[in-house]
Amino acid sequence: MNKGSIRKPDLIVVDNHTRPLVDAFQRRISYLRLSVTDRCDLRCTYCMPERMKFLPRREVLTLEELYELATGFIDRGVIKIRITGGEPLVRRDICDLFDALGQRLGHGLNELTLTTNATQLADHADRLARAGVKRINVSLDTLDRSRFAELTRRDALPQVLAGIAAAREAGMRVKLNAVALKGVNEDELPDLIAWGHAEGHDVTLIEVMPLGDVEEERLDQYLPLSDVRAQLEQCWTFSETDATTGGPARYMDIEETGGRLGLITPHTHNFCDGCNRLRVTATGQLYPCLGGAERVDLRAALRSDDPKTELADALSQAMHIKPERHHFRMDKRGADPHLPRHMSMTGG
Ligand code: SAM
Ligand code: SF4
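Residues numbered from 1 in each chain as written. Chains lettered and ligands numbered in written order. Predicted model: local features only at pLDDT ≥ 70, side-chain atom pairs only at ≥ 80, totals over all residues. Heavy atoms only, no water.

### Some thoughts on the packing of aromatic side chains
Here comes step 1: Per the stated rule, a full pass over the model turns up zero aromatic pairs.
Here comes step 2: For the cation-ring pair, lysine 80 lies above tyrosine 31, with the distance from its terminal atom to the ring centre recorded as 4.5 Å. (Phe/Tyr/Trp six-rings, centres within 6.5 Å; stacked < 30°, edge-to-face > 60°. Lys NZ or Arg CZ within 6 Å of the ring centre and 35° of its normal.)

### Describing the pairing of strand 6 (residues 202–207)
Here comes step 1: Judged by how many residues are buried, strand 6 sits mostly within the fold: five of six residues are covered.
Here comes step 2: Pairing of strand 5 (residues 173–180) with strand 6, which is carried by six bridges, proceeds in the parallel orientation. Across the sheet, the residue bridging to leucine 176 is valine 203, located in strand 6.
Here comes step 3: Handedness of the strand 5-helix 6 (residues 189–198)-strand 6 crossover: right-handed.
Here comes step 4: The pairing of strand 6 with strand 9 (residues 259–264) spans four bridges and is classified as parallel. Residue pairing in the sheet places leucine 205 in a bridge with leucine 263 of strand 9. (Buried < 20%, exposed > 50% of the residue type's maximum accessible area, 1.4 Å probe, protein only. Helix = DSSP H or I, 4+ residues; strand = E, 2+ residues; numbered from the N terminus. Pairing = 2+ DSSP bridges. Right-handed = clockwise from strand over helix to strand, strands pointing away.)

### A short note on the environment of proline 20
Here comes step 1: Within the fold, proline 20 resides in the segment before strand 1 (31–35).
Here comes step 2: Judged by its relative accessible area of 41%, proline 20 is partly exposed.
Here comes step 3: When the C-alpha atoms of proline 20 and isoleucine 74 are compared, they prove to be 9.5 Å apart, with 54 residues separating the residues in sequence.
Here comes step 4: The contacts of proline 20, once residues within four sequence positions are left out, are Arg28 and Arg76. (Contact = heavy atoms within 4.5 Å.)

### Some thoughts on the pattern of salt bridges
Here comes step 1: Enumeration over the complete set of coordinates arrives at 16 salt bridges.
Here comes step 2: As a salt-bridge pair, aspartate 96 and arginine 127 come within 2.8 Å of each other at their nearest N and O atoms. Highlighted residues: aspartate 96 in helix 2 (residues 94–102) and arginine 127 in helix 3 (residues 121–131), separated in sequence by 31 residues.
Here comes step 3: Among the residues examined, aspartate 96 registers a relative accessible area of 9% and is labelled buried.
Here comes step 4: Overall, arginine 127 belongs to the partly exposed group, its relative accessible area being 31%.
Here comes step 5: Measuring nitrogen to oxygen at the nearest pair gives 2.6 Å for the salt bridge that ties glutamate 240 to arginine 229. Residue glutamate 240 is located in strand 7 (residues 238–240), and its partner arginine 229 is located in helix 8 (residues 225–235); the two are separated by eleven residues in the primary sequence. (Salt bridge = Lys/Arg side-chain N within 4 Å of Asp/Glu carboxyl O.)

### Re the pairing of strand 3 (residues 111–116)
Here comes step 1: Burial within strand 3 is extensive, with six of its six residues counted as buried.
Here comes step 2: Judged by which residues are buried, strand 3 turns out to be covered on both faces: Glu111, Thr113 and Thr115 on one side and Leu112, Leu114 and Thr116 on the other are all buried.
Here comes step 3: Sheet topology places strand 2 (residues 80–84) next to strand 3; four bridges connect them, and they run parallel. If you follow lysine 80 over to strand 3, its bridge partner there is glutamate 111.
Here comes step 4: As judged from the three bridges shared by strand 3 and strand 4 (residues 135–139), these two strands associate in the parallel manner. Across the sheet, threonine 116 pairs through a bridge with valine 138, a residue of strand 4.
Here comes step 5: Following the backbone out of strand 3, through helix 3 and into the adjacent parallel strand 4, one traces a crossover that is right-handed.

### Some thoughts on the site of ligand 1
Here comes step 1: The immediate surroundings of ligand 1 are formed by 18 residues, with Tyr46, Gly86, Thr116, Ser139 and Met209 found nearest.
Here comes step 2: One of the side-chain nitrogen or oxygen atoms of glutamate 87 is found 3.2 Å away from a nitrogen atom of ligand 1.
Here comes step 3: Starting from 540 Å² of accessible surface for ligand 1 in isolation, the protein chains cover 95%.
Here comes step 4: Among the elements of the structure, strand 3 and helix 11 (343–346) are those that each provide at least two residues to the shell around ligand 1.
Here comes step 5: In the shell around ligand 1, the residues fall into six nonpolar, nine polar and three charged. (Near = heavy atom within 4 Å. Polar contact = N/O pair within 3.5 Å; in protein donor to acceptor, adjacent residues only side chain to side chain. Areas by Shrake-Rupley, 256 points an atom, 1.4 Å probe, with all protein chains shown as cover. Nonpolar A, V, L, I, M, F, W, Y, C, P; charged D, E, K, R; others polar.)

Now the structure itself:
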């Protein structure tokens, strides 16, 4: 797809096509996480098995369809879009989508952003910044090269660090996300936070979630962030902030590092009350809740004879079925995953 080839949607005048998205619990939906591929160049042990089976390409939405979908959401009041995956930057010509969506910034869209493992960020940072991306999330669970290679099953830490540096050079703010893993990066979390803050990046820690089959026992990976926080508070002074993205993280400032720490704690603290987001997979399946099986097929709507009406109806249906809260549980050894789909499928 080249930038000029993207078809802009016709002016939408019918009410149902522009009605704001509000769910059955009166939560206003303003944030879309859009996965553009299920593929990835890493194999993080908590995310997917080594021999992950990826989808046939024909099942994945084209860049034109992704654009049409995204603009359909913007027309319904979505003001923030995060591009995710899999690894979004492994998708060929993905920057064309950023260029096209970047043109909606200030025209319905307030923020365009992405979550990346940063292995290919050095090659894309300038163009992303030019497209209007101002802040990105980079997943980084360790600063130790051999540990990184073990954890992601690929020896790519130098590329990731180069990618983070390139993003900063290009003028984007970087937030680091780290999954807290028992016995894996547990001992390193204070250093990771201190390094991130010294480099000018906020850091968010995430509790592992039981999504999809991986080769390891989930309970062995799970490290409650309440324990991590208690340990960190022995060395550092935290002050709670009321900063919020309408998302699951709670934020605090650390006096000694001068940086901000976010904690995403699906198990030790439920975060669903203010949920403002929807997720769409690379095949156009809308999951109104990361932790739920509820689903609406937007690809069928997009490929129907009347895509605008079908899409509007599908989004209204999603508002009816978005559940009040997730029901992740992490209390049973050897349990089947809470949901069969991997995080790389739904988009983190
Ligand atoms: N590949 C990109 C990356 O890693 O940033 C984007 C997709 S990845 C699925 C998005 C986020 O989900 C990453 O921060 C990753 O660490 C997190 N993640 C993956 N599997 C997870 C799991 N089972 N529990 C908690 N977080 C997970
Ligand atoms: Fe790839 Fe991201 Fe999953 Fe790691 S967490 S395997 S980088 S999709």
